[in-house]
Amino acid sequence: MEPLTKRQERVLRMILKFFEDEERPPTTRELAELLRCHVKTVYQYVLVLERKGYIERRKGRIRVPSDLRRDRGIPIVGRVSAGTPVMAIENREGVLSIEELFGREDVLAVRVSGDSMKDAGILDGDFVIVKSGSTVPPGAITVCYLGEDQYVTVKRFRERRDHFELVPENPAYRSTRVSKSDPHFRLAGKVIGVVRAVS
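Now for a quick tour of the structure. In this text, all values refer to a predicted model and were calculated from it rather than measured experimentally.

Right, let's talk about the nonpolar core for a bit. Core analysis: the biggest nonpolar cluster contains 17 residues, and Val11, Ile15, Leu31 and Leu49 have the highest contact counts within it. Contributing elements (two or more residues each) for this core: helix H1 (6-22), helix H2 (28-35) and helix H3 (39-51). A per-element tally of this core places H1 first, with five residues. Not counting residues within four places of it along the chain, the set of residues in contact with Leu31 comprises Val11, Met14, Ile15, Pro26, Val42, Val46 and Ile62.

Structure representation (structure tokens):
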């Protein structure tokens, strides 16, 4: 994408903010009111933003590409007790957003297959959120690559004197020992969260 001037950036930010607040893009007239300028001026900015690839227009309406929109998240409408029941008070507290919880930079999600980490609360079919990077503190749960074929697994990472140990959180499974000189072993990153859909 071509770089934007400061004024073009301001217009784009205004479009994105309007989209966040209203869950729809603004009309040219609404944008002109927000920016306190003439409709023709806004129209010229919209044409430039479209030409540079920051927005699209269909049937005269502004469209914001999904990669520029912020994750709006799911509404948080109150709290619920997991012990003694409490009075239900629906009170919107904001939105639950994966990006706000875990950040966006160097973060990825992978789906778990198997039950070797069930005692750590990671179940078959869950998504684990991973902060990518080769530095993982001992004792942390990690996603890592093993062997020449680069099999991927999620385990608790332990560092011993002459080897690494990948520890499952299920007594039905055994730990895996990996030599520190193994050229095929690689840490993908630290698990920082779990997302589960309950049926």
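Right, let's get into H3. In this model, H3 (13 residues) spans 18 Å end to end at C-alpha, consistent with the 18 Å of a helix rising 1.5 Å per residue. Among all positions of H3, only Val42, Tyr45, Val46, Val48 and Leu49 are buried. Down the axis of H3, the buried side of the element spans an arc of 165 degrees, and every buried residue falls inside it. Among the exposed residues of H3, those oriented more than 90 degrees off its buried face are Lys40 and Arg51. Lining the buried residues of H3 we find H1, H2, strand E1 (56-58) and strand E2 (61-63).

Turning our attention to the pairing of strand E9 (residues 163-167). Burial of E9 is extensive: five of the five residues sit out of reach of the surface. Covered by surrounding structure in E9 are His163, Glu165 and Val167 together with Phe164 and Leu166, the residues of both alternating faces. Where strand E8 (residues 151-159) lies against E9, four bridges are found, and the strand directions are antiparallel. If you follow Arg158 over to E9, its bridge partner there is Glu165. Here E8 folds back onto E9, and the loop between the two strands holds three residues. By the bridge criterion, four bridges tie E9 to strand E10 (residues 176-179) in an arrangement that is antiparallel.

Reading guide: rules and limits
Residues numbered from 1 in each chain as written. Predicted model: local features only at pLDDT ≥ 70, side-chain atom pairs only at ≥ 80, totals over all residues. Heavy atoms only, no water. Core = buried A, V, L, I, M, F, W, Y, C linked by side-chain atoms within 4.5 Å. Buried < 20%, exposed > 50% of the residue type's maximum accessible area, 1.4 Å probe, protein only. Helix = DSSP H or I, 4+ residues; strand = E, 2+ residues; numbered from the N terminus. Contact = heavy atoms within 4.5 Å. Expected span 1.5 Å × (residues − 1). Arc of directions from axis to C-beta. Pairing = 2+ DSSP bridges.

By themselves, these are just geometric observations and shouldn't be taken as functional.
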